[in-house]
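# Descriptive analysis of the structure
Residues per chain are reported as follows:
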Amino acid sequence: MLIILLGPPGAGKGTQAEKIVNEYNIAHIATGDILRNAVKEETTLGRKARQYMDQGQLVPDELVVEIVKDRLLEPDCTNGALLDGFPRTVVQAAFLEQVLPDIKARIDRVLSVEVEEGELINRLTGRRICCDCGASYHVKFKPPKVRNVCDQCGGDLYQRSDDTLETVKERLAVYKKQTEPLISFYREKGVLSAIDGNQDIDSVYKQINSILKDY
Ligand code: ADP
Ligand code: AMP
């Protein structure tokens, strides 16, 4: 099973991904998480990626496609994978088409999570992340039980440096220009399902589950 979660920053991809991978027992491949980890560990990849991420720009395709290719070959992907935040450009999508026969996989569904822009800004600027386990919260929509403390591991919550209003606006513009064209790319291939992401977290998941249960 190979599923792609497509949608603007803040659409709820990571939130839904957590539920999907638990239920369907497939690997979660989030390029944003992999890149943030590389930045934190100060690896060669992290040093190259940081400048782009800080500015809300996409990391160059040639760096990202290598990560995904290697990741898809890892043993936990044998039962399938959920791609979250990849592909984000037409070049990345074309690359994926090329490598899929090598790993004997095909794209089952692309879930395009659609959310209004004002709501995206509210979600991103209110997002908080656990510095230890990476769990994601929202100050209003998904608050932790104790302010700024992770429910799952007790770690401190922080705001991502690219979740400030200025960088959020840049990321949304980048999405429109570079990633939105993928919606028609996958619609033409007959694998796209639109999801109304404006609803609450559980209602969005219900829509997703009603599509994925057939695969
Ligand atoms: P993405 O991975 O698409 O960037 P996230 O899953 O991190 O988005 O969600 C962005 C923020 O919005 C998080 O703080 C999350 O808790 C919150 N969120 C996610 N889905 C919803 C929803 N359906 N309604 C309200 N808030 C949501
Ligand atoms: P995300 O966690 O998905 O919001 O991604 C955070 C940042 O990581 C993005 O703003 C980009 O700078 C970078 N990034 C994540 N995925 C990709 C990708 N597929 N292609 C290019 N850059 C990416």
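Residues numbered from 1 in each chain as written. Chains lettered and ligands numbered in written order. Predicted model: local features only at pLDDT ≥ 70, side-chain atom pairs only at ≥ 80, totals over all residues. Heavy atoms only, no water.

Attention now goes to the site of ligand 1. Taken together, the neighbourhood of ligand 1 is formed by 18 residues, with Lys 13, Thr 15, Arg 127, Tyr 137 and Gln 199 sitting nearest. Measuring from an oxygen atom of ligand 1, one finds a backbone N or O atom of Tyr 137 at 2.7 Å. Starting from 560 Å² of accessible surface for ligand 1 in isolation, the protein chains cover 93%. Taken together, the elements giving at least two residues each to the shell around ligand 1 come down to helix H1 (13–24) and strand E6 (136–138). Looking at the shell around ligand 1 residue by residue, the classes come out as six nonpolar, seven polar and five charged. (Near = heavy atom within 4 Å. Polar contact = N/O pair within 3.5 Å; in protein donor to acceptor, adjacent residues only side chain to side chain. Areas by Shrake-Rupley, 256 points an atom, 1.4 Å probe, with all protein chains shown as cover. Helix = DSSP H or I, 4+ residues; strand = E, 2+ residues; numbered from the N terminus. Nonpolar A, V, L, I, M, F, W, Y, C, P; charged D, E, K, R; others polar.)

One open sheet holds the five strands; their spatial order is E2-E3-E1-E4-E8, and the pairing between them is parallel. A single partner strand is all that each edge strand has here, and the edge strands are strand E2 (27–30) and strand E8 (192–196). Going from strand to strand, the sheet's axes swing by 20° on average, the running direction of each strand aside. Of the pairings in the sheet, the one linking strand E1 (residues 2–6) to strand E3 (residues 81–84) comprises four bridges and is parallel in character. Looking at the pairing, Ile 4 lines up with Leu 83 of E3. (Pairing = 2+ DSSP bridges. Axes fitted to C-alpha atoms, helices over the stretch in contact; angles between N-to-C directions.)

Next up on the list: the side chain of Lys 13. Here Lys 13 is to be found in helix H1. It turns out Lys 13 is buried and unbridged, and the closest side chain with the opposite charge, Asp 84, is 5.1 Å from it. Lys 13 has contacts with Leu 5, Leu 6, Gly 7, Pro 8, Asp 84 and Gly 85, leaving out every residue within four places of it along the chain. (Buried < 20%, exposed > 50% of the residue type's maximum accessible area, 1.4 Å probe, protein only. Lys, Arg positive; Asp, Glu negative; His and termini not counted. Salt bridge = Lys/Arg side-chain N within 4 Å of Asp/Glu carboxyl O. Contact = heavy atoms within 4.5 Å.)

Treat this as a map of the structure, not an account of what it does.
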